[in-house]
Each structure stands twice: as C-alpha cells, then as structure tokens.
Amino acid sequence: MCGAAALGLWWAFEQSAAAPETSYVVARTRLAPGRVIEPADVALVSIRLPAEIEATVFGEGDGNDVVGSVVLEAIHAGELLARGDVGSRRSTAGRDAGYAVAVELDRPGALNGLIAAGDRVDAVVTDRSLAVTTGSQAPGLVAAGAIVLDVDDLAGTGQLSDTITVTLQVRDRAAAVALAAGADAGAITLIRPWGASAQAAP
C-alpha cells in the first residue's frame, strides 16, 4: 500500500495551488507491524486526492477506526494510512495474525543484529534432525516471511552481548513451536533479502 500513499502525496504536491478539501490520516513516525496505534502516532493533513486514492485511505472522520487498531504492514513517517495497512485487534488475533514467539539467538544466527522491528525474515533450522517440512516449505525452513516485532540487543547500549533476543510473528502454531525448539537447541539462523536498508520492511 506504500505505492498508494506515495501517489497520494505526489498528487497533493501537484494540487498545492488549489484549496485543500479533505483531511486525511498520516503517520507521525514509523509504525512497525504489531503496534497498536495511539493518538500520538497519527495526525491529520489537508490535501486533495483523486477519488480512487481517497477510497483506500483514512479520512478525518475515521479516528475510531485508526486509534486502537493494529498495524499489519510497516507504515513510514509521513505516509497516508491505507485501510489495508491496519486491522482491528479482533481481526489480527488468533489464526488471522498467527503466533508471536521470542527466541534467543547467537549473534551470527540473528544476522549480527542487522534487523529491526518491521523486517521480514526467514527462519532456518540448521540441524536436520529438527527440520520441519510443511506444505511447500523446503526442508530446514521453519518459518517463511516472519515479521520481526522486537529486537533486544544489548550491544546497542554499548554492552558486549553474544546473544540477541528476537520476537517474531509467524503464521501458524506449528512454526512457532518448531522455531522455539530449534532456538532452544541453538540451531536457528535468520536470513533475509538484502540490498535495501536493514531498517526497512519489504
């Protein structure tokens, strides 16, 4: 939905000579997946949007739908909030949202800390005796496209740490259990596409 947000901001620039007609909700700061939106996280801006974009974003009267909802896809500061980027707590609970699991990994297994909340990673088990194959997943792949909800890395505070605690959101219970078991055995490695900023979610 980032494309729609960017198009909306471009349109606003093009129409800057005209008087704004409607206020729309934008993010004040980067909102990572899993975050519950608070009033301080969003603001209203008055801009002109084409009808096809207007229908996909939140307007001035949608405060009750935005505040208290859960972020499904990373939203960057200044972006319009698209309706597909957030969901209610009910819609993101249980099977619809998957499961959250916190695992302690050694630094190499956690990409040496080069991950941040909002990133998507694949979790691979390096011990074949623990490998889980479900559906089309390849042997060794425990969780594909897991969302990083939080990273607790003491090295960021100047303290030396050999391990990093990563909280991940995975699609199903089996993946969460396999991930926890693999991490407990010291056999989990995270991988992710590269080329973009480590701070940006795909």
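Residues numbered from 1 in each chain as written. Predicted model: local features only at pLDDT ≥ 70, side-chain atom pairs only at ≥ 80, totals over all residues. Heavy atoms only, no water.

## Considerations on the overall build of the protein chain
A tally of helices and strands in the protein chain yields four helices and nine strands. When the elements of the protein chain are put in sequence order from the N terminus, they spell out α-β-β-α-α-β-β-β-β-β-β-α-β. Within the protein chain, the fraction of its 202 residues that count as buried is 40%. When contacts within the protein chain are restricted to residue pairs at least 6 apart in sequence, those whose partners lie at least 24 apart make up 70%. (Helix = DSSP H or I, 4+ residues; strand = E, 2+ residues; numbered from the N terminus. Buried < 20%, exposed > 50% of the residue type's maximum accessible area, 1.4 Å probe, protein only. Contact = heavy atoms within 4.5 Å.)

## A look at the nonpolar core
Within the largest apolar cluster, 24 residues are counted, with the highest numbers of intra-cluster contacts made by Leu 105, Val 166, Leu 168, Leu 179, Ile 188 and Leu 190. Contributions of two or more residues to this core are made by strand 5 (99–106), strand 6 (120–125), strand 7 (141–152), strand 8 (163–170), helix 4 (173–184) and strand 9 (188–191). Ranked by residue count, the leading element in this core is helix 4, at five residues. Other than its neighbours up to four places away in sequence, Leu 179 contacts Val 101, Val 103, Ala 123, Val 142, Leu 168, Val 170 and Ile 188. Grouped together as the second largest cluster of nonpolar side chains are eleven residues, Val 25, Leu 31, Phe 58 and Val 86 included. (Core = buried A, V, L, I, M, F, W, Y, C linked by side-chain atoms within 4.5 Å.)

## Observations concerning helix 4
Between its first and last C-alpha, helix 4 extends 17 Å over twelve residues, near the 16 Å set by a 1.5 Å rise per residue. Turning to helix 4, its buried residues are Ala 175, Ala 176, Ala 178, Leu 179, Gly 182 and Ala 183. Viewed along the axis of helix 4, the buried residues span an arc of 165°, placing them on a single side of the element. Counted as exposed and oriented over 90 degrees from the buried face of helix 4: Arg 173, Val 177 and Asp 184. Where the residues of helix 4 are buried, they touch strand 5, strand 6, strand 7, strand 8 and strand 9. Where helix 4 ends, the next residue or the one after it, Gly 186, has phi of about 70°, a positive value. (Expected span 1.5 Å × (residues − 1). Arc of directions from axis to C-beta.)

## Some details on the side chain of Asp 41
Note that Asp 41 resides in the loop between strand 1 (22–27) and strand 2 (42–47). Classification of Asp 41 by relative accessible area gives buried; the value is 4%. At 2.8 Å, the side chain of Asp 41 forms a polar contact with the backbone nitrogen of Glu 38. With near-sequence residues (within four places) excluded, Asp 41 lies in contact with Val 26, Ala 27, Arg 28, Thr 29, Leu 31, Arg 35 and Val 36. (Polar contact = N/O pair within 3.5 Å; in protein donor to acceptor, adjacent residues only side chain to side chain.)

## Overview of the environment of Ser 46
Note on placement: Ser 46 falls in strand 2. The spatial distance from the C-alpha of Ser 46 to the C-alpha of Val 25 is 9.1 Å, given a sequence separation of 21 residues. A polar contact is formed between the side chain of Ser 46 and the side chain of Ser 23, at a distance of 3.0 Å.

## Description of the pattern of salt bridges
Inspection of the entire model under this criterion finds two salt bridges. Across the salt bridge formed by Arg 83 and Asp 62, the nearest N and O atoms sit 2.9 Å from each other. With a gap of 21 residues between them, Arg 83 in the loop between strand 3 (70–71) and strand 4 (86–87) and Asp 62 in the loop between helix 2 (51–54) and helix 3 (63–66) connect regions that are remote in the sequence. Salt-bridge contacts for Asp 119 lead to Arg 192; the nearest nitrogen and oxygen are separated by 3.8 Å. Residue Asp 119 is found in the loop between strand 5 and strand 6, and its partner Arg 192 is found in the segment after strand 9; the two are separated by 73 residues along the sequence. Residue classification places Arg 192 among the buried positions, given a relative accessible area of 13%. (Salt bridge = Lys/Arg side-chain N within 4 Å of Asp/Glu carboxyl O.)

Taken by themselves, the reported measurements are silent on function.
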